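One letter stands for each residue in the lines below.
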Amino acid sequence: IITSLVAVLVVVSAQAQTASTTRETPKLVIGITIDQLRGDYLELFKHTFTERGFKRLFNEGLVYQNMRFEFPGLNDASAIATIYTGATPFYHGITGRDKYQVDKKRVASTFDDENFLGNYTQDKVSPTAIKVTTISDELKIASRGISDVYSFAPEAHQALITAGRAGNCAFWVEDYSGKWASSTYYYDFHWVVDQENKNPSAYSEKAFGMQWNSLPITYNAFAYTQGNSFQHNLGGNQDTYKRFKKTPFVNEDVRDITSKLMGKAELGKRISPDFLSLTFYAGNYPKAEEYSLEIQDTYARLDREIEKLLDEVDKTVGLKNTLIFVTSTGYYNSNEIKPNELNPIRIADGIFYTNRCEALLNMYLMAIYGKEKWVDKFYNRQIYLNRKLIEDKQLSLKEIQQKAAEFVSEFTGVQEVYTSYQLRLGEW
């Protein structure tokens, strides 16, 4: 569901607004990207907010409404890359968190990089997939490396994008240990983070068996939601931290480590501005129904984390010395109802089965060109043909693409089909 994107460029306090008009350079810039934040939910849930969180941003900041990302297939990776580079995926190269690797015939992280090892993780990743500079990269260039740039996020791709290629370090919550992980691409794994990873009271330790219960607030934004309480146990298995990252507790974790780093890393205390990038989560819990109590609780808790963050910034750097911007990723993943759940009330369903399309297309091409595997993969709305086989058989790639496109266009649910040949040469 594409919802209205609310981007809030915030200069908190009257002094800060005065400073910005006199072109004084902030000592610290904090970029806050909230994955799946919905503008309509900020309005619906505002009665559950304090006066010093979201309301403070709206009351004391500059607000831009009705912003849009002008490209298809929006997700947190492509959106965050666009926010931080000012470019579209055509230029910055990030279309999603994962991609299909044609040479290895597998789906892997867009940021996979065998040249670097992981810190507190087995994942080998780097930000080199980003093809242009980010705003944090430009700050590093302008300050000749003096500015410090750190990022914290629930997911690796979010942290890598916001730290950029020139950042000091990018940190994310590791899927299987819950610790703050990074890549050896970066040289500055700050000792504060290392210390937190060894802290017996850290969230990586607390997550096992953690209970998520609603705050003592009346949630009534959705009149048809049943009850006013819920309870989720994150359990103690290999999926615990993946569930953890879909709860408000991951926002607490991000805010907590940020507060510790600001106090110890002397951010905002040098001659050039430092940059701190944070990514929060405002999507639904996977086990929750749509229009849930859980999503209302997530927003209420996030509001309180923003309040704590602003207070910490004021105490360590001073809000008058800080430029803060807050923006959504501009999309929302709905917990969709399964087709068999719709049957009792006779709502028409509609699911496009990619595996069926892939199999039928391959059978069609086999009937024309011979019994071979002509289709490698259907992934992310793209069909990858076996180009090596086509080349070995000395067949026309343009012709096979065109026949495949004509066949797929006949499927119910398919609106338009383009071949890569058409896209490259402008025939679309």
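Remember, it's a predicted structure, so these values are computed and weren't measured experimentally.

**Q** What is the right way to look at the packing of helix α11 (residues 249–264) against helix α12 (residues 293–316) in this model?
**A** The relative placement of two packed helices is expressed as an angle between their axes plus a distance between the axes. Viewed as axis vectors pointing N to C, α11 and α12 meet at an angle of 5°, and their least axial separation amounts to 10 Å. In terms of orientation, α11 and α12 fall into the roughly parallel class. Taking contact as the criterion, the partners of F249, N251, E252, R255, T258, S259 and M262 in α11 are, on α12, R301, L302, E305, K308, L309, E312, V313 and T316. Here the residues of the contact of α11 with α12 are counted per class, giving 5 nonpolar, 4 polar and 6 charged.

**Q** Where do I start with the side chain of D297 in this structure?
**A** Within the element layout of this structure, D297 appears in helix α12. A residue is classified by how much of its surface remains accessible, and D297, at 0% relative accessible area, is buried. At a separation of 2.9 Å, a polar atom in the side chain of D297 contacts the main-chain amide nitrogen of L215. For D297, the residues in contact, after removing those within four places along its chain, are W212, N213, S214, L215, Y219 and F230.

**Q** Whenever I open this one, the pattern of salt bridges confuses me. Can you help?
**A** Where charged atoms of side chains with opposite charge meet at close range, the side chains can pair. One pass over the structure, following the stated rule, counts 27 salt bridges. Notably, a salt bridge pairs K55 with E51, separated by 3.3 Å at the nearest N-O pair. What makes E51 exposed here is its relative accessible area of 54%. In this structure, the salt-bridge partner of E155 is K245, at a minimum N-O distance of 3.1 Å. Within this pair, whereas E155 is found in the loop between β7 (149–153) and α7 (156–163), its partner K245 is found in the loop between α10 (240–244) and α11, the two being separated by 90 residues in sequence. K245 carries the same exposure label as E155, and that label is buried. Salt bridges here are not isolated pairs; linked through shared partners, they connect R52, R56, E60 and D311.

**Q** Teacher, can you tell me more about helix α16 (residues 397–408) here?
**A** Residues that lie three or four places apart on an α-helix share one face, since the helix turns once every 3.6 residues. Taking 1.5 Å per residue, 12 residues should reach 16 Å; α16 reaches 16 Å between its end C-alpha atoms and fits that length. Turning to α16, its buried residues number three or more, namely I400, Q401, A404, A405 and V408. One side of α16 carries all its buried residues, which in axial view fall inside an arc of 135°. Residues of α16 that are buried in the fold lie against α14 (354–369), β15 (382–385), α15 (387–392) and α17 (420–425).

**Q** What is the right way to look at the packing of α14 against α16 in this model?
**A** At their nearest, the axes of α14 and α16 sit 10 Å apart, and the two run at 130° to each other. The pairing of α14 with α16 is recorded here as oblique in orientation. In terms of crossing hand, the pair formed by α14 and α16 is right-handed. Mapping the contact onto sequence places C357, L360, L361, Y364, L365, I368 and Y369 in α14 and E399, I400, K403, A404, F407 and V408 in α16.

**Q** Got a minute to help me understand the packing of aromatic side chains in this structure?
**A** Two measures describe an aromatic ring pair: the distance that separates the ring centres and the angle between the ring planes. Across all of its chains, the model carries 29 aromatic pairs by this definition. When the ring of F45 is compared with that of Y299, the centres are 5.2 Å apart and the planes differ by 80°; the resulting orientation is edge-to-face. With F45 in the loop between α2 (39–44) and α3 (54–60) and Y299 in helix α12, this pair connects stretches of sequence that are 254 residues apart. Residue class for Y299 comes out buried when judged on its relative accessible area of 0%. Put simply, the rings of Y41, F45, F222, Y291, Y299 and Y332 touch in pairs and so form one group of aromatic residues. Sitting over the face of the ring of Y332, R38 holds its NZ or CZ atom 4.7 Å from the ring centroid.

**Q** Before we go on, may I ask you to explain the nonpolar core in this structure?
**A** As a rule of thumb, soluble globular proteins bury nonpolar side chains together. By size, the foremost hydrophobic cluster in this structure holds 87 residues, and its most contacted members are I32, I34, F54, F152, L276, L278 and Y299. Looking at this core element by element, the count peaks at 9 residues for α12. By size, the runner-up hydrophobic cluster in this structure holds 14 residues, among which are W374, F378, L385 and F411.

**Q** What should I look at first to understand the pairing of strand β14 (residues 375–379) in this one?
**A** Where a strand is regular, its side chains alternate between the two sheet faces. By the bridge criterion, 4 bridges tie β14 to β15 in an arrangement that is antiparallel. Considered in β15, the bridge of Y379 is made with Q382. In this antiparallel pair of consecutive strands, β14 and β15, the connection spans 2 residues, and N380 shows a positive phi of 55°.

**Q** It is not clear to me how the layout of surface pockets should be interpreted in this structure. Could you clarify?
**A** In this approach a probe as big as a water molecule rolls over the atoms, and the regions it shows empty are the leftover space. Volume-wise, the largest pocket comes out at about 2400 Å³. Lining the largest pocket we find 47 residues, and of these N380, R381, Q382, Y384 and L423 sit closest to its centre. Within the residue set of the lining of the largest pocket, elements represented by two or more residues are α5 (89–92), β4 (98–101), β14, β15, α16 and α17. The residue makeup of the lining of the largest pocket, split by class, is 22 nonpolar, 16 polar and 9 charged.

Parameters at a glance
Residues numbered from 1 in each chain as written. Predicted model: local features only at pLDDT ≥ 70, side-chain atom pairs only at ≥ 80, totals over all residues. Heavy atoms only, no water. Axes fitted to C-alpha atoms, helices over the stretch in contact; angles between N-to-C directions. Helix = DSSP H or I, 4+ residues; strand = E, 2+ residues; numbered from the N terminus. Parallel < 35°, antiparallel > 145°, perpendicular 65-115°, else oblique. Contact = heavy atoms within 4.5 Å. Nonpolar A, V, L, I, M, F, W, Y, C, P; charged D, E, K, R; others polar. Buried < 20%, exposed > 50% of the residue type's maximum accessible area, 1.4 Å probe, protein only. Polar contact = N/O pair within 3.5 Å; in protein donor to acceptor, adjacent residues only side chain to side chain. Salt bridge = Lys/Arg side-chain N within 4 Å of Asp/Glu carboxyl O. Expected span 1.5 Å × (residues − 1). Arc of directions from axis to C-beta. Left-handed = near helix turned anticlockwise from the far one by under 90°. Phe/Tyr/Trp six-rings, centres within 6.5 Å; stacked < 30°, edge-to-face > 60°. Lys NZ or Arg CZ within 6 Å of the ring centre and 35° of its normal. Core = buried A, V, L, I, M, F, W, Y, C linked by side-chain atoms within 4.5 Å. Pairing = 2+ DSSP bridges. 1 Å grid on protein atoms, 1.4 Å probe; cavity = no way out; pocket = protein on both sides within 12 Å on 5 of 7 lines; lining within 4 Å. Points joined across faces, edges and corners; volume = space filled by probe spheres on them.

Such coordinate-based values are descriptive only and should not be taken to indicate function.
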